[in-house]
Amino acid sequence: MTALPAWIGLLLALPGPGLAQPAASTPSLDVLHWWTSASERRAADQLRTVLATAGVQWNDAAIPGGGGMAAVKVLKSRVLLGDPPDVAQLIGSTLTEWADVGLVLPLNAVATRQKWSQTLFPTVLSLVSYKGDVIAAPLGVHRINTLLYNRHLLQQLGLRPPHSWAEFEGVARAVSAAGLKPLAWSDEAWQIATVFESLLLSEAGPALYQEMIQQRKSAAWLDPRVEKALLRLRWLRSLSGPGSDGPAERAWTLSARELMDGSAAMMIMGDWARGELMAWGASPYTDFGCVVVPGTEHMHLYSVDTLAMLVNARHPVALQEKMAETLSALPTQLAYNRIKGSVPVRRDLSAAARNGLDGCARDSWDTFAAPGSARVPSLAHRMAADEATKDAVAQALWRYLTDPRMDAQEAQKRLAAVIHLP
Ligand code: BGC
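Attention shifts here to the domain arrangement of the protein. As far as domains go, the protein holds domain 1 (27-143 + 303-369), domain 2 (147-185 + 239-295) and domain 3 (186-225 + 386-422). Measuring from the centre of the C-alpha atoms in domain 1 to the corresponding centre in domain 3 gives 28 Å. With 7 residues of domain 1 in contact, the opposing surface of domain 3 contributes 5 residues. Contact with domain 3 buries surface across domain 1, with G66, M69 and E97 losing the most and accounting together for 57% of the total. Summed over the shared surface of domain 1 and domain 3, the number is 0 salt bridges. Where domain 1 packs against domain 3, one counts 2 residue pairs in polar contact (both at pLDDT 80 or more). Going through the elements one at a time, α3 (69-80) and α4 (93-100) are the ones with two or more residues in the side of domain 1 that touches domain 3.

This is the structure we're talking about:
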């Protein structure tokens, strides 16, 4: 663990402005996160209930905003004010950035007690391990390369869910001909990036994706397959109809709502959208279904949700360890992930527990578990690059999509420049 820089040490020693001291009888932890949609809220409430039984009170500090854009900023300002929360939803590279400045509490004792090296998926354990320390409690694995569809609508039109881009085009044509929207869409930069990385994986395959995203080789971004992915991105956007000002920037929950009420037939989004449909009462067996984004079979483009325990002036270490322990327990994992739309981070599910997952979740868990699958980290959800790079890529994609004068090759050059390692 890197030594605490002097400025952070000073800040942490000061009593912060929001330091509410919980009553001794109800030991509580202040949790900063961005789960504010219906399913996210329910999933967080489920954790709150389980933790209460374990004697830990969850004080909610939720910051609305899909993909955590606002929450990450609020966390930064709380740290600068000397008042870090006790627990924060830090994921992927943001986790290691904060660990580097000594803000994250190592959870090595919990990991040893709970045998995380045997019970967690190795990919998950390595994601929460840094410089010899375990630095977060993992909650669930989301699959980004998910294509959701409205079962009723496809059945009415006599269509089958698409398994190739040719089939996808066929479904899109038929849905358009029926006067409906083939694909729900939002122009929010993080949502564009979320769709794009699935298209990129589909065109480029895991090897080139790795060169582009994990190794950050600029030249790889100039590959003709990237141009194809960019052209497909533009085409997908055009499916949501011209509108007066083109597609809008709006919350992912509004797109999920279109899918739910049948005004759109399909949606490409991380499987948290599945959780949302279920929270609204839709069934994965009768109302909606999911397949992987065409061309990404046996690939799992993942985003793993994690909660980090932060170092602060309150030092509630025993409570933080209790929380981490409770979150990784099998019953918590099963109950939470069923609501959230993700799958457990544990590889030791019994056959009954695995069979109890719905089809979409089972395919996600099986693919993540299978030795032969490609487990690929999401760029848009911080698994593969730092916050600034992720934002710069999302902005470059947004510019390309919203400026019809920019062609795909120009966008490739811009992306190659953005991804370049200093
Ligand atoms: C998180 C999910 C969350 C989604 C939408 C993702 O980055 O991993 O837990 O539901 O953003 O807010």
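Here the focus is the layout of surface pockets. Quantified by volume, the largest pocket comes out at close to 230 Å³. Lining the largest pocket are 14 residues, and of these R143, V291, V292, D363 and T367 lie nearest its centre. Elements supplying a minimum of two residues to the lining of the largest pocket: β10 (288-292) and α17 (359-369). Per-element tally for the lining of the largest pocket: the top contributor is α17, with 4 residues. Along the lines of polarity and charge, the residues of the lining of the largest pocket split into 4 nonpolar, 7 polar and 3 charged.

About the thresholds
Residues numbered from 1 in each chain as written. Predicted model: local features only at pLDDT ≥ 70, side-chain atom pairs only at ≥ 80, totals over all residues. Heavy atoms only, no water. Domains from an automatic or database assignment. Contact = heavy atoms within 4.5 Å. Buried area = accessible area lost by both parts, 1.4 Å probe. Salt bridge = Lys/Arg side-chain N within 4 Å of Asp/Glu carboxyl O. Polar contact = N/O pair within 3.5 Å; in protein donor to acceptor, adjacent residues only side chain to side chain. Helix = DSSP H or I, 4+ residues; strand = E, 2+ residues; numbered from the N terminus. 1 Å grid on protein atoms, 1.4 Å probe; cavity = no way out; pocket = protein on both sides within 12 Å on 5 of 7 lines; lining within 4 Å. Points joined across faces, edges and corners; volume = space filled by probe spheres on them. Nonpolar A, V, L, I, M, F, W, Y, C, P; charged D, E, K, R; others polar.

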